[in-house]
Amino acid sequence: MSAKAATLEGRIQQHWDQLSSHEQRLADVLLAAPGQLAMNTATELAQSAGVSKATTTRFFRHLGYESYEAARRQAREMQSSGSPLYLQAVPTASPLASIMQQHLEKEIANLVNSYRTLDSEQLQQAVSAIAQSRRVVVMGWRHSQTIAQLIYRDLVHIHPDVRLLPRPGDSLAEHLAALNQQDVVICVGLRRRMPALEAAMNALAERNVPMLYIADVLSGKPARHAQWVVRCHTDSSLMFDSTAALSGVCNLLCSLVARQMGKTSNDYLAQVEALHQSLDELE
């Protein structure tokens, strides 16, 4: 069976023509929100689709699963990996105001829980290392690079040598080869991490380059390569992972680096601001 067919959606697509009308009704319910498979029992799922439990059992066997529980385990793995398809809730008629309130409460909880779990001693060590480093490299792929860009955009105002990776058209080796113990690499690894992240961190560890790793609470294997690890809560009441806590913690990190650097960062920022004016770059 192909990789695509191995997923619930792929299996349904492959076997659609062989499904009964009742099984197709169940398939439609699952395709609308496959994540409910991870949360519901077979009885609950059958009730939501308006079919019998026996139909549900036959449906999953027709798709090639050993049992309902086997399919449920796969759905839970997809949720844990951060697949937006499996994180979206079953469509409901909830008022928008209620949805907004739930979302706000979840965002606040993520911020509070992330700040409560920060290790102040470890954070101070990372801040000091960044402030004293010769060069800072910020690294992340996919949506992790969005957070990496936030960090880069702040640090570039206060540190004379800050770089963002990966860069279009370049290999990592062209940049990592120049790094050593005088530098610091800030690695961002949110769930659904690309294998390139751990490969790069492994190469950096072999070169004894200090690393700060910023991740979600399930930080994964890359965490073992980093000297300092910051974990942020990213759960959401809606489809996409929350970045509120990540943004706040990264703002804190960069602000603390500026504070640690003191006059050095202020002098450098003054030069940047003077050039902004002379080049007429900003309104």
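Residues numbered from 1 in each chain as written. Predicted model: local features only at pLDDT ≥ 70, side-chain atom pairs only at ≥ 80, totals over all residues. Heavy atoms only, no water.

- By the naming in an unreviewed UniProt entry, the protein chain is MurR/RpiR family transcriptional regulator, taken from Candidatus Pantoea communis.

**Digging into the overall build of the protein chain**
Here is step 1: If you tally the helices and strands in the protein chain, you get 15 helices and five strands.
Here is step 2: Expected size for 283 residues packed as a compact globule is a radius of gyration near 19 Å; at 24 Å, the protein chain overshoots this value by more than 25%.
Here is step 3: Seen through its principal axes, the protein chain has C-alpha atoms that stretch 70 × 45 × 40 Å.
Here is step 4: Looking at the 283 residues of the protein chain, the share that counts as buried comes to 41%.
Here is step 5: Sequence separation of at least 24 residues holds for 69% of the intrachain contacts in the protein chain that already meet a minimum separation of 6. (Helix = DSSP H or I, 4+ residues; strand = E, 2+ residues; numbered from the N terminus. Rg over C-alpha atoms; globule rule 2.2 N^0.38 Å. Buried < 20%, exposed > 50% of the residue type's maximum accessible area, 1.4 Å probe, protein only. Contact = heavy atoms within 4.5 Å.)

**A look at the packing of aromatic side chains**
Here is step 1: One pass over the full model with this rule turns up three aromatic pairs.
Here is step 2: Judged by centre distance (5.0 Å) and plane angle (80°), the rings of Phe59 and Phe60 are edge-to-face. Neither Phe59 nor Phe60 differs from the other in exposure class; each is buried.
Here is step 3: Look at Phe60 and Tyr65: their rings are 6.0 Å apart centre to centre, the planes differ by 65°, and that puts the pair in the edge-to-face class. With respect to class, Phe60 is no different from Tyr65; both count as buried.
Here is step 4: Each member of the aromatic cluster is reached from another via a ring pair, and the members are Phe59, Phe60, Tyr65 and Tyr68.
Here is step 5: The cationic tip of Arg11 hangs over the ring face of Tyr65; the distance from NZ or CZ to the ring centre is 3.9 Å. (Phe/Tyr/Trp six-rings, centres within 6.5 Å; stacked < 30°, edge-to-face > 60°. Lys NZ or Arg CZ within 6 Å of the ring centre and 35° of its normal.)

**Overview of helix α14 (residues 244–261)**
Here is step 1: Between its first and last C-alpha, α14 extends 26 Å over 18 residues, near the 26 Å set by a 1.5 Å rise per residue.
Here is step 2: For α14, every residue scored as buried is listed here: Ala245, Leu246, Gly248, Val249, Cys250, Leu253, Cys254, Val257 and Met261.
Here is step 3: Phi turns positive, to about 60°, at Gly262, one or two residues after α14. (Expected span 1.5 Å × (residues − 1).)

**Regarding the environment of Glu206**
Here is step 1: When you line up the elements, Glu206 lands in helix α13 (residues 195–206).
Here is step 2: On the basis of relative accessible area, Glu206 is assigned to the exposed category, the value being 63%.
Here is step 3: A sequence separation of 140 residues divides Glu206 from Glu66, and the C-alpha atoms of the two residues are 43 Å apart.

**A short note on the sheet that holds strand β3 (residues 184–189)**
Here is step 1: Pairing is parallel in the open sheet, where five strands are placed in the order β2-β1-β3-β4-β5. A strand with exactly one partner marks an edge of an open sheet, and here the two such strands are β2 (162–165) and β5 (228–232). Each neighbouring strand pair of the sheet contributes to a mean axis angle of 15°, computed without reference to strand direction.
Here is step 2: In terms of strand pairing, strand β4 (residues 211–216) meets β5 through five bridges, oriented parallel. Counterpart to Leu212 in the pairing with β5 is Trp228.
Here is step 3: Lying on the sheet, helix α10 (residues 120–132) is in contact with β1 (136–139), β3, β4 and β5; it crosses β5 at an angle near 120°. (Pairing = 2+ DSSP bridges. Axes fitted to C-alpha atoms, helices over the stretch in contact; angles between N-to-C directions.)

**Let's talk about the side chain of Asp161**
Here is step 1: Secondary-structure assignment places Asp161 in the loop between α11 (143–155) and β2.
Here is step 2: Residue class for Asp161 comes out buried when judged on its relative accessible area of 17%.
Here is step 3: A polar contact is formed between the side chain of Asp161 and the side chain of Arg135, at a distance of 3.0 Å.
Here is step 4: Within the local environment of Asp161, its side chain forms a polar contact with the side chain of Arg163, the two groups lying 2.9 Å apart.
Here is step 5: Setting aside its immediate chain neighbours within four residues, Asp161 contacts Arg134, Arg135 and Val136. (Polar contact = N/O pair within 3.5 Å; in protein donor to acceptor, adjacent residues only side chain to side chain.)

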